[in-house]
Amino acid sequence: MSIQTITINQAFDAPLKQVFATLSDHEKFGEICGINMTRIKDGAEHLNGLNSVREIKIGILPSFQETINKFIDNERIEYKITQGSPIKNHLGVLVFSEAKGKTHLNYTIELESKIPFTTLLIKSALSFGIRNGLKRYARSLKK
């Protein structure tokens, strides 16, 4: 199966620094997306920054790890799965921008399953959870 791409564009009625601080925090990001996510290794300059590692547990599936391999404060986060997942060729990229006090997020995820014929199923579940979580978070900022 070929690599699949998820693209999510989400606007937030809040300043970029606030949104970036929340979404760059591994535990908070996990809560927003309904994922059990824990930082297991701190980044060198920022707790959740470059070379930080987060562990993800989904139901009864074995846990896996993602490593932040690019971190530009208030601008960009990139991560890859680095241990224990049925997903290969995985790259997540979050790009943040701000205009008129609002934040825009362009989030892309490339993935391919190691298990034949499951890439589209994984893509659908992942897209649904993240997209809905980000929409809920955006609504919570309007209160």
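Residues numbered from 1 in each chain as written. Predicted model: local features only at pLDDT ≥ 70, side-chain atom pairs only at ≥ 80, totals over all residues. Heavy atoms only, no water.

Notes on the sheet that holds strand S6 (residues 87-99)
Okay, step 1: If you walk across this open sheet you meet the seven strands as S1-S7-S6-S5-S4-S3-S2, and the pairing is antiparallel. Looking at the sheet topology across the chains shown, the edges are occupied by strand S1 (4-12) and strand S2 (36-41). Here the average twist between neighbouring strands, direction ignored, is 20 degrees.
Okay, step 2: Across the sheet, helix H1 (residues 16-24) lies against S1, strand S4 (64-72), strand S5 (76-83), S6 and strand S7 (102-113), angled at about 160 degrees from S6, the strand it touches most. (Pairing = 2+ DSSP bridges. Helix = DSSP H or I, 4+ residues; strand = E, 2+ residues; numbered from the N terminus. Axes fitted to C-alpha atoms, helices over the stretch in contact; angles between N-to-C directions. Contact = heavy atoms within 4.5 Å.)

Structural notes on the pattern of salt bridges
Two side chains that carry opposite charge are able to pair once their charged atoms sit near each other.
Okay, step 1: One pass over the structure, following the stated rule, counts five salt bridges.
Okay, step 2: Taking the shortest distance from any N to any O, the salt bridge between Lys 57 and Glu 55 comes out at 3.9 Å.
Okay, step 3: Overall, the relative accessible area of 42% leaves Lys 57 in the partly exposed class.
Okay, step 4: Among the ionic pairs, Arg 76 bridges to Glu 78, the shortest N-O distance being 2.6 Å.
Okay, step 5: Relative accessible area serves as the criterion here: at 14%, Glu 78 is assigned to the buried category.
Okay, step 6: A single network of salt bridges, built from pairs that share partners, joins Glu 27, Arg 39 and Asp 42. (Salt bridge = Lys/Arg side-chain N within 4 Å of Asp/Glu carboxyl O. Buried < 20%, exposed > 50% of the residue type's maximum accessible area, 1.4 Å probe, protein only.)

What to know about the nonpolar core
Okay, step 1: Of all hydrophobic cores here, the largest spans 32 residues; its most connected members are Phe 12, Leu 23, Phe 96, Tyr 107 and Leu 134.
Okay, step 2: Of all the elements in the fold, those that place two or more residues in this core are S1, H1, helix H2 (26-33), S4, S5, S6, S7 and helix H3 (119-141).
Okay, step 3: Here the element with the most residues in this core is H3; it accounts for five residues.
Okay, step 4: Apart from residues lying up to four places away in sequence, Leu 134 is in contact with Ile 8, Gln 10, Phe 12, Leu 23, Ile 32, Leu 105 and Tyr 107. (Core = buried A, V, L, I, M, F, W, Y, C linked by side-chain atoms within 4.5 Å.)

Things to note about the packing of aromatic side chains
Okay, step 1: All chains considered together, the criterion is met by four aromatic pairs.
Okay, step 2: Between Phe 12 and Tyr 137 the ring centres are 5.4 Å apart and the planes differ by 55 degrees, which places this aromatic pair in the tilted class. With Phe 12 in strand S1 and Tyr 137 in helix H3, this pair connects stretches of sequence that are 125 residues apart. Both residues of the pair, Phe 12 and Tyr 137, count as buried.
Okay, step 3: Pairwise contacts between aromatic rings join Phe 20, Phe 71 and Phe 96 into one cluster. (Phe/Tyr/Trp six-rings, centres within 6.5 Å; stacked < 30°, edge-to-face > 60°.)

Purely spatial values, then, with no claim about function.
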